[in-house]
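# Fold and geometry: a report
Residue-level listing of the chains:
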Amino acid sequence: MPVNIPLYTSISAQLAQQNITLIAVSKTKPNEDIMALYELGHRDFGENYVQELVAKQQALPADIRWHFIGHLQSNKVKMIAPFVHLIHGVDSNKLLLEINKQGAKLNRNIGCLLQVYIAKEDSKFGLDESEILEIATIQSTLHSVSIRGMMGMASFTNDTEQVRREFGNMFTISKTFPFATAPIISMGMSNDYPIAIEEGSNMVRIGSLLFGSRQ
Ligand SMILES: *Cc1c(COP(=O)(O)O)cnc(C)c1O
């Protein structure tokens, strides 16, 4: 399926007006699809798999901002640490410390979002409130990461009120963390991003709407 350029154009214009960053989620999609949006000026792309991200980063223009949005294993941090723009899925203290370590080796400050556990139905990855508190107490000792905000995924359900509650809950949790600057709130995907925006999202991660469904 080709990239849906008219839909991209209308969604990106609408989001820009609201100061919401659009991450085009290109996982499993070919480089040509990424270039189709790149040529329209798009620079923020999201990937879930380390190997795939590294291959794409090497093949594609250097000014792309790569967002790692998947579950990241500590032993793979070093593969993306030299270039990744923002790691959305920081779901453990251990992972955060490893990102800090790799950032220090490269003399690079790596932007991170704390992944918050908000979905009731699916057991997805994410920090609970006590782990978030713990990170708040150690963040000033980590000199090679910047905790720039939070990321969350709502339950995969048709119950829009439940989705709304989960996003609202994440926004409330974001207010409890001592961010250095106004936080990035990364929530909302193809099927739920309008609700996420109503609940305070300022960064949405959209894949299948733009690139077509995945196998
Ligand atoms: C795949 C994925 C997306 C995009 O999902 P779509 O439903 O295709 O928009 C967003 N966020 C994360 C974390 C993902 O894994």
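As a reminder, the structure under discussion sits directly above these lines.
Below: a short report on this structure. (Residues numbered from 1 in each chain as written. Predicted model: local features only at pLDDT ≥ 70, side-chain atom pairs only at ≥ 80, totals over all residues. Heavy atoms only, no water.)

### Brief notes about the overall build of the protein
In terms of helices and strands, the protein carries nine helices and eight strands. At 17 Å, the protein has a C-alpha radius of gyration in line with the 17 Å of a compact globule built from 215 residues. Across the 215 residues in the protein, those meeting the buried criterion constitute 51%. Of the contacts made within the protein by residues no fewer than 6 positions apart, 60% connect residues no fewer than 24 positions apart. Put simply, the protein shows about 10200 Å² of open surface, and 52% of that area lies on carbon and sulfur atoms. For the protein, the centre of its 19 positive side-chain charges and the centre of its 21 negative side-chain charges are spaced 6 Å apart. (Helix = DSSP H or I, 4+ residues; strand = E, 2+ residues; numbered from the N terminus. Rg over C-alpha atoms; globule rule 2.2 N^0.38 Å. Buried < 20%, exposed > 50% of the residue type's maximum accessible area, 1.4 Å probe, protein only. Contact = heavy atoms within 4.5 Å. Areas by Shrake-Rupley, 256 points an atom, 1.4 Å probe, with all protein chains shown as cover. Lys, Arg positive; Asp, Glu negative; His and termini not counted. Charge placed at Lys NZ, Arg CZ, Asp CG, Glu CD.)

### Concerning the pattern of salt bridges
One pass over the structure, following the stated rule, counts eight salt bridges. Two residues, E98 and K101, come together in a salt bridge whose shortest N-O distance is 4.0 Å. Within this pair, E98 and its partner K101 are both found in helix α5 (residues 93-106), separated by three residues, close to a single helical turn. Accessibility expressed as a relative area gives 15% for E98, which makes it buried. (Salt bridge = Lys/Arg side-chain N within 4 Å of Asp/Glu carboxyl O.)

### Digging into unusual backbone geometry
In the Ramachandran plot, N19 falls in the positive-phi region, its phi being about 60° despite a non-glycine side chain. Along the chain, the position of N19 falls in the loop between α1 (5-17) and β1 (21-25). On the basis of relative accessible area, N19 is assigned to the exposed category, the value being 67%.

### Digging into a negative patch on the surface
A surface patch of negative charge is lined by D128, E129, E131 and E134. Structurally, D128 can be placed in the loop between β5 (110-116) and α6 (129-138). (Patch = residues over 30% accessible without salt bridge, like charges linked within 9 Å, V, L, I, M, F, W, Y side chains within 5 Å.)

### Digging into the side chain of R43
Locating R43 in the fold gives a position in the loop between α2 (31-38) and β2 (44-47). The residues touching R43, leaving out its near neighbours within four places in the chain, are Y38, D63, I64 and R65.

### Describing α1
Under the 1.5 Å per step criterion, the end-to-end length of α1 is 18 Å for 13 residues, consistent within 8% with the ideal 18 Å. Looking at the buried side of α1, the elements it contacts are β1, α2, α8 (193-198), β8 (203-206) and α9 (208-211). N19, located one to two residues past α1, shows a positive phi value of around 60°. (Expected span 1.5 Å × (residues − 1).)

### Considerations on the site of the ligand
In the vicinity of the ligand lie 13 residues, with K27, N48, S190, S208 and R214 positioned nearest. In this structure, N48 approaches the ligand through a side-chain N or O atom, which is 2.8 Å from an oxygen atom. One of the side-chain N or O atoms of R205 is found 2.9 Å from a nitrogen atom in the ligand. Its free accessible area being 390 Å², the ligand has 91% of it covered by the protein chains. (Near = heavy atom within 4 Å. Polar contact = N/O pair within 3.5 Å; in protein donor to acceptor, adjacent residues only side chain to side chain.)

### Focus on the nonpolar core
In globular proteins that are soluble, nonpolar side chains generally tend to be buried together. If you look at the biggest cluster of nonpolar residues, it comprises 59 residues, and the most contacted ones within it are I80, I99, M150 and F177. Ignoring any residue separated from it by four or fewer positions in sequence, one finds I80 in contact with V50, L53, V54, F68, L72 and I87. In terms of nonpolar packing, the next biggest core, distinct from the first, is built from six residues, I23, L86, I184 and M203 among them. (Core = buried A, V, L, I, M, F, W, Y, C linked by side-chain atoms within 4.5 Å.)

By themselves, these figures tell us nothing about what the structure is for.
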